[in-house]
Each structure stands twice: as C-alpha cells, then as structure tokens.
Amino acid sequence: MMADRKHGAPAPPTDTTVRAADWDSRDLSGEQHRRVAFVDVDLTEAVSSGAEFFECTFRNCRFNASTHEESGFINCTFTRTSFFDATFTRCKFVGSMFDGSTYDLMKVSGGDWSFVGLPGADLRNASFADVRMKEADLTGARFAGAKVKGCDLSGAWLSKADFTRCDLRGSDLTSLDPVTCEIAGAIIDPVQAITLATNLGLSVKE
C-alpha cells in the first residue's frame, strides 16, 4: 500500500542503513532494496535497468549524471539529494517525496510519477516528457523556462506553481487555474488554450 504522504503521514520506516558508500558508476540493474536508508551515498554516474527501491530513504545522496531505465523508486523519500544531469527513462516514482533536493538538467522521459510530492521544487532546468504525474503535489513548484511536454497532470496540485515561459504543449492542464499560477509566456497548443479558457469560466464558441 502506498502511504498517504500528501496529508502529513510520516515517511515509511527503514530497516537497514547504507552510509557513506561510494557507488560511483555502479551498475544497479536488477537490484532490489526494501526499506533501506541511504545516507551520504555517492551514486554519480550509476546506471540501472529494472532496479527496484521500495520505501527507501535517500539523504544527502548524489545521483549526478546517473542513468536509470525502467527502474522503480516506489514510495521513497529524497532529502537534500542532488539529481544534476540525471536521466530517468520509463521509471516509476509513485508516491515518492522530495525535500530540499536539486534537479538541474534532470531529464525524465516516460514513466509514472503519480502522487509524488515536489512542493516548492526548483525545476527550472529540468525536463519532463510523456510522464504520468497524476495527482502530483506541485504546489509552489518552479517550472519557469522548463519543459513539461505530453505529461498527465490531471488532478495535480498546482496552486502557486510558476510555469512562466514553460513549454507545456501536449500536457493535461485541466487542473491548472490561471488565476493561482504564473503562466506568462508559457507555450501551449490550441487545445490547451481552450482548456485554460474554460478553467477561467469563459465560454468558447465558433
């Protein structure tokens, strides 16, 4: 069962700890880790395919320049973790929470990030393409100048999010309230323009 993280539930407890390990360039493919606390672990340039991390905690870790494909980080907690230039392709982060982390040049393609918590996250230099982000908590997240293309944002929490100059083409914007979000200069397609007009209470007619 996925913990209900949005409403103040604590992070899942961990049973074991990996501390100050050097996993630089390590191949994590096929590995399975359940309820492990990773503290000060260096995962720079690590790679994974089909790995699974379930209810793990990552604290002060580095995923810099790492590459992950079809791996799962389910209901995990990331605190003060660096994702500089990390790539996630068709990965699952369902229910995971992020706090005080950095995401410069992070690239996410495909996969399921539903119910993730990224409140206040600085995602200005990140890109998301074709990602399922249903009911994600993006309250106050900063996407100014970022790319969020073809993503499912249905039911997402977008209050006070900044999408200034963000490329939103193809994404589901049914949850985006132009009154409570910053969207100046955002790039959208004609269908999205109708959606936003409807969200503003306008009646669109030919």
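Each remark here, short or long, concerns the structure printed above.
Predicted model only: the values in this text are computed from it and were never measured. (Residues numbered from 1 in each chain as written. Predicted model: local features only at pLDDT ≥ 70, side-chain atom pairs only at ≥ 80, totals over all residues. Heavy atoms only, no water.)

Student: Could you give me a rundown of the pattern of salt bridges, with the residues and numbers involved?
Tutor: Under the counting rule described, the total for this entry stands at 12 salt bridges. Arg35 is paired through a salt bridge with Glu55; the nearest N and O atoms lie 2.7 Å apart. Of this pair, Arg35 sits in the loop between strand E2 (32-34) and strand E3 (36-39) while Glu55 is found in the loop between strand E5 (52-54) and strand E6 (57-59), placing the two residues 20 residues apart along the sequence. A relative accessible area of 30% means that Arg35 is categorised as partly exposed. Judged by relative accessible area, which is 5%, Glu55 ranks as buried. Asp112 is the partner of Arg132 in a salt bridge, and the nearest nitrogen-oxygen pair spans 3.4 Å. Taken as a pair, Arg132 in the loop between strand E13 (127-129) and strand E14 (147-149) and Asp112 in the loop between strand E12 (107-109) and E13 lie far apart in primary sequence, 20 residues in all. What makes Arg132 partly exposed here is its relative accessible area of 35%. Judged by relative accessible area, Asp112 falls into the buried class, the value being 16%. The network of salt bridges with common partners includes Glu69, Glu70 and Arg90. (Salt bridge = Lys/Arg side-chain N within 4 Å of Asp/Glu carboxyl O. Helix = DSSP H or I, 4+ residues; strand = E, 2+ residues; numbered from the N terminus. Buried < 20%, exposed > 50% of the residue type's maximum accessible area, 1.4 Å probe, protein only.)

Student: Tell me what's going on with the sheet that holds E5, and back it up with residues and numbers.
Tutor: Reading across the sheet, the 3 strands line up as E2-E5-E8 and stay open at both edges, with parallel pairing between neighbours. Of all the strands in the sheet, the pair left with one neighbour each is E2 and strand E8 (72-74). Averaged over all pairs of adjacent strands, the angle between their axes in this sheet comes to 5 degrees, without regard to strand direction. Relative to E8, E5 is paired through 3 bridges, and the arrangement is parallel. Its bridge partner being in E8, Phe54 is matched across the sheet by Ile74. (Pairing = 2+ DSSP bridges. Axes fitted to C-alpha atoms, helices over the stretch in contact; angles between N-to-C directions.)

Student: Can you tell me about the side chain of Ser101, naming the residues and giving the values?
Tutor: As for its placement among the helices and strands, Ser101 is situated in the loop between strand E11 (97-99) and E12. Within polar-contact distance, the side chain of Ser101 engages the backbone nitrogen of Thr81 at 3.1 Å. Leave out the neighbours within four places in its chain, and Ser101 touches Phe78, Thr79, Arg80, Thr81 and Phe83. (Polar contact = N/O pair within 3.5 Å; in protein donor to acceptor, adjacent residues only side chain to side chain. Contact = heavy atoms within 4.5 Å.)

Student: So what's going on with the nonpolar core? Which residues, and what values?
Tutor: Judged by nonpolar contacts, the single largest core of 53 residues is most densely connected at Phe58, Met106, Trp113, Phe128 and Phe143. Contact partners of Phe143, with chain neighbours within four places excluded, come to Leu123, Arg124, Phe128, Leu138, Val148, Asp162, Phe163, Thr164 and Cys166. (Core = buried A, V, L, I, M, F, W, Y, C linked by side-chain atoms within 4.5 Å.)

Student: Tell me about the environment of Leu168, and name the residues and values.
Tutor: As for its placement among the helices and strands, Leu168 is situated in the loop between E14 and helix H1 (190-199). The sequence separation of Leu168 and Ala129 amounts to 39 residues, and the corresponding C-alpha distance is 9.7 Å.

Student: Residues and numbers for the packing of aromatic side chains, please.
Tutor: By the definition in use, this model includes 29 aromatic pairs. Arranged with centres 6.2 Å apart and planes meeting at 55 degrees, the rings of Phe73 and Phe78 form a pair that is tilted. Since its relative accessible area comes to 0%, Phe78 is described here as buried. An angle of 15 degrees between the planes, with centres 4.8 Å apart, marks the rings of Phe73 and Phe93 as stacked. A residue pair is termed long-range when its members are at least 10 positions apart, and Phe73 in strand E8 and Phe93 in the loop between strand E10 (87-89) and E11 qualify at 20 residues. Classification of Phe93 as buried rests on a relative accessible area of 1%. Above the face of the Trp23 ring, Arg26 is positioned so that its terminal group lies 3.9 Å from the ring centre. (Phe/Tyr/Trp six-rings, centres within 6.5 Å; stacked < 30°, edge-to-face > 60°. Lys NZ or Arg CZ within 6 Å of the ring centre and 35° of its normal.)

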